Amino acid sequence: MQIISSHVLICRTDNIGDIVLTLPITAWLKQHFPSIKISLMCRAYAASVARRCATVDHVIEVESFLSDPAAFYANSDIDTVIFAQPDRQLVMEAFKARIPNRIGNARQKLYLLLFCNRRIRFSKRISPLHETQFNFEFLRPFGLDNIPELAAIPALFDFNVPRDDEIERLLRPHPFNLIIHTKSNGHGREWPIEHYQALAEYLSAHPDIHVWATGSAGEGQWLEQNAAGLLRLPNVSNVSGKFTLDRLMSFIRSADGLIASGTGPLHLSAALGQRTLGLFPPTRPMHPGRWAPIGVRGQFLCQPVGCSACEQKKTISCDCMQAITPASVAEIVMQWHAEIEANAVAVS
């Protein structure tokens, strides 16, 4: 029987990129059920992303929820919980609170089979679907059986990210501002830092292009210790750890392009409609078929065949990533640059 729901809670307590790729289902639900209320539960560090999404009505930080789950549910009108990411404690709390509709993938964990009463079943292992498309599987109990094509998903992102005057002043002296997010916090196969340096060196021939290295404070320290040559370049600035996540969103929105491997800011950039280039290995489950940036200006580079190190999940980089040349990345950046110049001429 199809769910009739007035207030849905989506639980997604992992990483920024996973949250970004889950947000399109909130727009999909709103399109089909305009009066539905949607809450999203996530970790505090990623809450800014959800709060900037216009199709999310309320954001709950899981750390706050766990202080008294029973009281939270007792004071809410939530009638449906979607466990977009398995979490035994969250499932058990919804079960104990007798939430009428508890949706989970029964193929993932035994507790989802036992304690979810609206079960779906799908496997990611050999599926051709993109990560964001998998999330639409959770809407089948609502009678929404069609999974949108990838080309239709960018239109489902609806962010309200304001301009930041300080960031605008920081970027204004440079006609073209390129963000490089060099690290992945262990969540993606990384492009060699030497390649980022070679790219920046190539771009230094174009005085109007400035390169901004972003990341966490810890990643900024890593760059200082391991990429001194990159940071010494006059066209490169290291702003890692300088922005909150909310301000990083404004920084990405106001720049002219972003390059990264499979990490949260890559997916955030694409979802914001920014020019975005993702660098990937070809091996499952890290390949672009699963994790390519989804946006109207999202692109990716990837070698056609995997290397021997690709199967080692703990490898930070590999020959496949090494084989993505700085020249091939620079070619795309210069296409972006030409687009910006053409737009400037058209406006003038």
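Above this note sits the structure.
Since the structure is predicted, the reported quantities are computational estimates derived from the model, not experimental observations.

Asker: Looking at this structure, how should I read the nonpolar core?
Answerer: For soluble globular proteins, nonpolar side chains are generally found buried alongside one another. Ranked by size, the top nonpolar core spans 58 residues in total, and within it Val49, Ile82, Leu139, Phe142, Phe159, Phe251 and Leu268 carry the most contacts. Among the elements that line this core, the one with the most residues is helix α13 (residues 245-254), at 5 residues. If near-sequence neighbours (up to four positions away) are discounted, Leu139 is found in contact with Ile25, Trp28, Leu29, Ile82 and Leu144. Within the second largest apolar cluster, 34 residues are counted, among which are Ile193, Tyr196, Ile209 and Leu223.

Asker: Could you clarify how one ought to interpret the pairing of strand β5 (residues 101-105) in this entry?
Answerer: As a general feature of sheets, a regular strand has side chains that alternate between the two faces. Counting buried positions over the 5 residues of β5 gives 5, a clear majority of the element. The two faces of β5 match: Asn101, Ile103 and Asn105 on one face and Arg102 and Gly104 on the other face are all buried. Alignment of strand β4 (residues 80-83) against β5, held across 3 bridges, turns out to be parallel. Paired with Ile82 across the bridge in β5 is Ile103.

Asker: Looking at this model, I keep getting lost on the packing of aromatic side chains. Mind explaining?
Answerer: According to the stated counting rule, one finds 12 aromatic pairs in the structure shown. Seen in terms of ring centroids, Trp28 and Phe136 are 5.7 Å apart; in terms of plane orientation they differ by 85°. Their pairing is edge-to-face. Placement of the pair is Trp28 in helix α2 (residues 24-32) and Phe136 in the loop between α8 (131-134) and α9 (165-171), with a sequence separation of 108 residues. Ring geometry for Phe122 and Phe134: centres 5.7 Å apart, planes at 10°, overall stacked. Placement of the pair is Phe122 in the loop between β6 (118-120) and α8 and Phe134 in helix α8, with a sequence separation of 12 residues.

Asker: It is not clear to me how the pairing of strand β10 (residues 257-260) should be interpreted in this structure. Could you clarify?
Answerer: On β10, burial covers both faces: Gly257 and Ile259 on one face and Leu258 and Ala260 on the other are all buried. One ladder, built from 4 bridges, connects strand β7 (residues 176-181) with β10; its direction is parallel. Counted as the bridge partner of Ile180 is Ile259 from β10. The pairing of β10 with strand β11 (residues 276-280) spans 3 bridges and is classified as parallel. Looking at β11, one finds that Ala260 is bridged to Gly278. Read as a crossover between parallel neighbours, the route from β10 over helix α14 (residues 264-271) to β11 is right-handed.

Asker: Where do I start with the pattern of salt bridges in this structure?
Answerer: In a structure, side chains of opposite charge can pair up when their charged atoms sit close to one another. As enumerated under the stated definition, the model contains 16 salt bridges in all. Among the ionic pairs, Glu168 bridges to Arg163, the shortest N-O distance being 3.0 Å. Judged by its relative accessible area of 52%, Arg163 is exposed. Within the structure, one salt-bridge network assembled from shared partners comprises Arg12, Asp14 and Asp18.

Asker: Quick question: what am I supposed to make of helix α11 (residues 217-226) here?
Answerer: Within α11, the full set of buried residues consists of Glu219, Gly220 and Leu223. In an axial view of α11, the angular spread of the buried residues amounts to 105°, which keeps them on one side of the axis. In α11, the exposed positions that point more than 90 degrees away from the buried face belong to Glu224 and Gln225. Where α11 is buried, its residues meet β7, α10 (193-203), β8 (209-214), α12 (228-232) and β9 (236-238).

Asker: Looking at this structure, how should I read the layout of surface pockets?
Answerer: Rolled over the atoms, a probe sized like a water molecule indicates the empty space that remains. Estimates place the volume of the largest pocket at around 1,000 Å³. For the lining of the largest pocket, the elements supplying multiple residues, two or more each, are α1 (16-22), α11, α13, α14, β11 and α15 (288-291). A per-element tally of the lining of the largest pocket places α14 first, with 4 residues. Here the residues of the lining of the largest pocket sort into 16 nonpolar, 19 polar and 9 charged.

Conventions we followed
Residue positions are given per chain, counting from 1 as you read along its sequence in written order. Thresholds applied to this predicted model are a pLDDT of at least 70 for local features of residues and 80 or more for the giving and counting of side-chain atom pairs; totals over whole chains, interfaces and linings are not thresholded and use all residues. Side-chain measures here rest on the full set of heavy atoms in the structure, leaving out hydrogens and waters. To qualify as a nonpolar core, a set must consist of buried Ala, Val, Leu, Ile, Met, Phe, Trp, Tyr and Cys residues joined through side-chain atoms within 4.5 Å. Each residue's exposure class comes from its accessible area (1.4 Å probe, protein chains only) as a fraction of the maximum for that residue type: buried when under 20%, exposed when over 50%, partly exposed otherwise. Segments assigned H or I by DSSP are reported as helices when at least four residues long, segments assigned E as strands when at least two residues long, and all are numbered from the N terminus. In this description, contact between two residues means that some pair of their heavy atoms is separated by no more than 4.5 Å. DSSP calls a pair of strands paired once it identifies at least 2 bridges connecting them. Any Phe, Tyr or Trp ring, taking Trp's six-membered ring, that has another such ring centre within 6.5 Å forms a pair; planes under 30 degrees apart are called stacked, those over 60 apart edge-to-face, and the others tilted. We call a crossover right-handed when, viewed with the strands running away from us, the connection from the first strand over the helix to the second turns clockwise. Salt bridges, as used here, are contacts in which a Lys or Arg side-chain nitrogen is within 4 Å of a carboxyl oxygen on Asp or Glu. By definition, the arc is the one covered by directions from the helix axis to the C-beta atoms. Throughout, the protein atoms alone are placed on a 1 Å grid, and a set of points is a cavity if a 1.4 Å probe fits but cannot get out or a pocket if it is open with protein on both sides within 12 Å along at least five of seven lines; lining residues have an atom within 4 Å of a point. Grid points are joined across faces, edges and corners, and a volume is the space filled by probe spheres set on the points. For this classification, Asp, Glu, Lys and Arg are treated as charged, while Ala, Val, Leu, Ile, Met, Phe, Trp, Tyr, Cys and Pro are nonpolar and the rest, including Gly, are polar.

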